[in-house]
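The chain contents come next:
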Amino acid sequence: EAGVTQSPTHLIKTRGQQVTLRCSPISGHTSVYWYQQALGLGLQFLLWYDEGEERNRGNFPPRFSGRQFPNYSSELNVNALELEDSALYLCASSFWDQPQHFGDGTRLSIL
Amino acid sequence: KQEVTQIPAALSVPEGENLVLNCSFTDSAIYNLQWFRQDPGKGLTSLLLIQSSQREQTSGRLNASLDKSSGRSTLYIAASQPGDSATYLCAVDFKLSFGAGTTVTVRA
């Protein structure tokens, strides 16, 4: 069974640019979650999508947004990048209240 | 707002010793609690999930207990091995609220 896949693995951007991160969930999983792991700040919940709808969002500004497609894959978009957006972005998937399984993440560096 | 705390922040033990990792949470009205391990620079690996109606879950050398009333969970790892060296994280509910983790080093 293929796990959660994220692309790209690494990304380097400059301040003010926009970025799109992608996530493919495990087959059969309908929920996708996004988390940010910034250095020294721990894992922070960003967004939760289920059946194509945004179910909940964490305490992040509106320039963090995303969507979930009919095949349950998901994109995370970040506009107007700032230096503090440098982090490991992790995607997880699950089916209802079953365990969340994580991808290996996208490491985003802002110069 | 749910606050999750993990103590200790770091732990170093000789190979073969049992590990006890603690997790506490402030709001006992949780739906479930999940334990993960994270290797440096990697994503998270799910270890165990305990539903709120359960008291414990076991998988191989791992056992996790849950006491909702006191807001605590404990992860036990029996007969530790160097390959168990990692950061262990607990998290509660759907939009996982994570603790800061316990970094474990098992010395050969």
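Here, every reference points to the structure presented above.
This report concerns the structure included in the present document. All values reported here derive from a predicted model rather than from experimental measurement.

Criteria and thresholds
- Residues numbered from 1 in each chain as written.
- Chains lettered and ligands numbered in written order.
- Predicted model: local features only at pLDDT ≥ 70, side-chain atom pairs only at ≥ 80, totals over all residues.
- Heavy atoms only, no water.
- Disulfide = S-S within 2.5 Å.
- Helix = DSSP H or I, 4+ residues; strand = E, 2+ residues; numbered from the N terminus.
- Buried < 20%, exposed > 50% of the residue type's maximum accessible area, 1.4 Å probe, protein only.
- Salt bridge = Lys/Arg side-chain N within 4 Å of Asp/Glu carboxyl O.
- Contact = heavy atoms within 4.5 Å.
- Buried area = accessible area lost by both parts, 1.4 Å probe.
- Polar contact = N/O pair within 3.5 Å; in protein donor to acceptor, adjacent residues only side chain to side chain.
- Nonpolar A, V, L, I, M, F, W, Y, C, P; charged D, E, K, R; others polar.

1. Comments concerning the state of the cysteines
Line of reasoning, step 1. Under the definition given, this model contains two disulfides over all chains.
Line of reasoning, step 2. Bridging Cys23 of chain A to Cys91 of chain A, the disulfide has an S-S length of 1.8 Å. Looking along the S-S bond of the Cys23 of chain A-Cys91 of chain A disulfide, the torsion reads about -60°, which is the left-handed sense. Here Cys23 of chain A is found in strand β3 (residues 19–24), whereas its partner Cys91 of chain A is found in strand β9 (residues 87–94), with 68 residues between them in sequence.
Line of reasoning, step 3. Of the residues examined, Cys23 of chain A reaches a relative accessible area of 2% and is grouped as buried.
Line of reasoning, step 4. Paired by a disulfide, Cys23 of chain B and Cys90 of chain B hold their sulfur atoms 2.0 Å apart. Classification of the bridge connecting Cys23 of chain B and Cys90 of chain B rests on its S-S torsion, roughly 75°, and on that basis the disulfide is right-handed. You can see Cys23 of chain B sitting in strand β3 (residues 19–25) and its partner Cys90 of chain B sitting in strand β9 (residues 86–92), a full 67 residues away along the chain. One exposure class covers both Cys23 of chain B and Cys90 of chain B, and it is buried.

2. Comments concerning the pattern of salt bridges
Pairing is possible between side chains of opposite charge, provided their charged atoms come close.
Residues and elements named next belong to chain A.
Line of reasoning, step 1. The full count for this structure, using the stated rule, is seven salt bridges over all chains.
Line of reasoning, step 2. Between Glu82 and Arg63 there is a salt bridge; the shortest N-O distance is 3.5 Å. Within this pair, whereas Glu82 is found in the loop between β8 (74–78) and β9, its partner Arg63 is found in the loop between β6 (53–57) and β7 (64–68), the two being separated by 19 residues in sequence.
Line of reasoning, step 3. Of the residues examined, Glu82 reaches a relative accessible area of 32% and is grouped as partly exposed.
Line of reasoning, step 4. Judged by relative accessible area, which is 16%, Arg63 ranks as buried.
Line of reasoning, step 5. The residue Arg67 makes a salt bridge to Glu75 at a minimum N-O spacing of 3.3 Å.
Line of reasoning, step 6. By relative accessible area, Arg67 is classed as partly exposed at 44%.
Line of reasoning, step 7. Relative accessible area serves as the criterion here: at 10%, Glu75 is assigned to the buried category.
Line of reasoning, step 8. Here the residues in one salt-bridge network are Arg22, Arg67 and Glu75, joined through shared partners.

3. Comments concerning the interface of chain A and chain B
Line of reasoning, step 1. Contact with chain A, which involves 19 residues of that partner, is made by 18 residues of chain B.
Line of reasoning, step 2. Looking only at chain A, the three residues that lose the most surface to chain B are Leu43, Asp97 and Phe102 of chain A, adding up to 34% of its buried area.
Line of reasoning, step 3. Inspection of the region where chain A meets chain B yields zero salt bridges.
Line of reasoning, step 4. Between the two partners, chain A and chain B, sit five residue pairs in polar contact (both at pLDDT 80 or more).
Line of reasoning, step 5. Looking at the side of chain A that touches chain B residue by residue, the classes come out as 10 nonpolar, six polar and three charged.

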